[in-house]
Each structure stands twice: as structure tokens, then as C-alpha cells.
Amino acid sequence: MSAHHLPGDPPVPLFLRRSARARRISLRISALDGRVTLTLPKSLPERAALEFAAEKEDWIRGHLARHPGQVAVTFGTVLPVAGRDLRVVRGQARGVRVGGDEIAVSGDRPARSLERYLRELARDRLAAASDAYSAQLGRPFHKLVLRDTRSRWGSCSSAGALMYSWRLILAPPEVLRYVAAHEVAHLQEMNHSADFWTVVQDLFGDHEAPRRWLRENGSQLHRYRFTD
């Protein structure tokens, strides 16, 4: 939770970070989730950064008005899960259950429970896809981790560690599988050369549609806030 805000209706959270390399105040609005970050030199008072943001308020609010609105996940929210739109409802049984076009959550704090459920589901789906593509390629990976990354959907280290954004579970299944194929392909080609894309094609098949979906819709997956 940000400690600073631009006052108004609605208030705009401001995130301040200090950098030893900064020589002046810089302002950035994330294209993924609309997060407003002010970077300032270490010796500059916070007051100066907040005054700078106040001067830029019209620009900030204009930019945010063109950005997809944030969605706080709660009862009644329509949430995409593996490409299906499910309405979050209060459940009687313990845990999280999917039925029809609803996802039922017990208790009074659905966001945290849903995030745990979605992370587990993402791990199951991504592990299964990665195992299958790794076996197809004949190159094992070392480990698989999930994060809530803002700049990439996945990565593969030279040591064979795969990393994925758990928010891929909010995308259609073929998009999740494409990202898995993409990262597993890096076990053989640690680059984005023509040879790399040939490996992706061999593993996944035609990948243009899921790549295009991520370019056009990926930022929408970061709209959903899982905080009660």
C-alpha cells in the first residue's frame, strides 16, 4: 500500500523510490497496471517529489483515464480463469470450487483465497506443459518458480531454471502453453534467433495467435488486485 497519494476523487497512489544514480525527479506510469512511480535522488526531500507530482496531476490523471481500470477482486467480480469468465460468489463448502460460470469461495476474504488457488492451478498447468515440452525437446529443466512479474511472462536461465508469471492462468490455455514452449525452447537456444523460433514451432506449432493475444491483451491480466 502506498503511503503517498495525489488528493482528489479518486486519490492516486504514488510510489516513491530513491536511486543513487538519479540526478533529478522522474515520473513513470506502468503500462501494465497504471502504477505511478516517482524516482528521486537520495538527498532530495520527499516533499519535492510530491510537489512535482502535484504539478503533473492533469497529465497523470489524463494518462490514467486512458488506462484500463483496476479491478479489486471480491464477491461479484467477473474473473478470467484459463480463458473462462467466472463470477466470484460466496461458497458454503471450504476452499475454492468452480461450477458452471461461477467460482465459489468460502469465508469473508475471497481475494487471498483466490490468489492461492490460482497460483496452485498455474503451477500445475505450467509444470505439466513444461514437462511435456521438455521431454519432447529432450532437455530437462532444473526448477520451476512462479512470480508476479510486471515486465515479462517467463524466463529461462542458463542453469535451466524456468520462471513464469502466475497470472498466465488468467489467459486462455493456449497462451499459457505457448509461453511454456517459448521458455523451454530456450533450454536449447538461449537467444531469439531463427533457430530458436524453429524450436518453438516444432514444440508448439503455429504460435502467432497466442503471441498476438499477449501483445494485445496481456496488460489486462494485471488489472486484477488480490488484496482484501
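Structural notes, computed from the coordinates. (Residues numbered from 1 in each chain as written. Predicted model: local features only at pLDDT ≥ 70, side-chain atom pairs only at ≥ 80, totals over all residues. Heavy atoms only, no water.)

**Concerning the pairing of strand S12 (residues 161-165)**
Thinking step 1. With 5 of 5 residues buried, S12 is to be regarded as a mostly interior element.
Thinking step 2. Here S12 shows no split at all, with Ala 161, Met 163 and Ser 165 on one side and Leu 162 and Tyr 164 on the other all buried.
Thinking step 3. Here strand S10 (residues 143-147) pairs with S12 via 5 bridges, running parallel. Across the sheet, residue Leu 144 finds its bridge partner in S12, namely Leu 162.
Thinking step 4. Where strand S11 (residues 154-156) and S12 come together, 3 bridges link them in antiparallel fashion. Bridge assignment links Cys 156 to a residue of S12, and that residue is Leu 162. (Buried < 20%, exposed > 50% of the residue type's maximum accessible area, 1.4 Å probe, protein only. Helix = DSSP H or I, 4+ residues; strand = E, 2+ residues; numbered from the N terminus. Pairing = 2+ DSSP bridges.)

**Quick word on the packing of aromatic side chains**
Thinking step 1. The tally for this structure, following the rule as stated, stands at 3 aromatic pairs.
Thinking step 2. Ring geometry for Trp 166 against Phe 226: centres 5.4 Å apart, planes inclined by 70°, an arrangement best described as edge-to-face. Residue Trp 166 is located in the loop between S12 and helix H4 (173-185), and its partner Phe 226 is located in the segment after strand S13 (224-225); the two are separated by 60 residues in the primary sequence. Grouping residues by exposure puts Trp 166 and Phe 226 together as buried.
Thinking step 3. Ring centres 5.9 Å apart and planes at 70° place the aromatic pair Tyr 178 and Phe 204 in the edge-to-face group. You can see Tyr 178 sitting in helix H4 and its partner Phe 204 sitting in helix H5 (residues 194-204), a full 26 residues away along the chain.
Thinking step 4. Across the ring face of Tyr 224, the terminal group of Arg 223 is positioned such that the distance to the ring centre comes to 5.9 Å. (Phe/Tyr/Trp six-rings, centres within 6.5 Å; stacked < 30°, edge-to-face > 60°. Lys NZ or Arg CZ within 6 Å of the ring centre and 35° of its normal.)

**Some words on the layout of surface pockets**
Thinking step 1. By volume, the second largest pocket is sized at about 250 Å³.
Thinking step 2. Lining the second largest pocket, in full, are Arg 152, Trp 153, Gly 154, Tyr 178, Val 179, His 182, Glu 183, His 186, His 192, Arg 211, Leu 214 and Arg 215.
Thinking step 3. Broken down by element, the lining of the second largest pocket gets its largest block of residues, 4 residues, from H4.
Thinking step 4. In the lining of the second largest pocket, the residues fall into 4 nonpolar, 4 polar and 4 charged. (1 Å grid on protein atoms, 1.4 Å probe; cavity = no way out; pocket = protein on both sides within 12 Å on 5 of 7 lines; lining within 4 Å. Points joined across faces, edges and corners; volume = space filled by probe spheres on them. Nonpolar A, V, L, I, M, F, W, Y, C, P; charged D, E, K, R; others polar.)

Any functional reading would require information that these geometric values do not contain.
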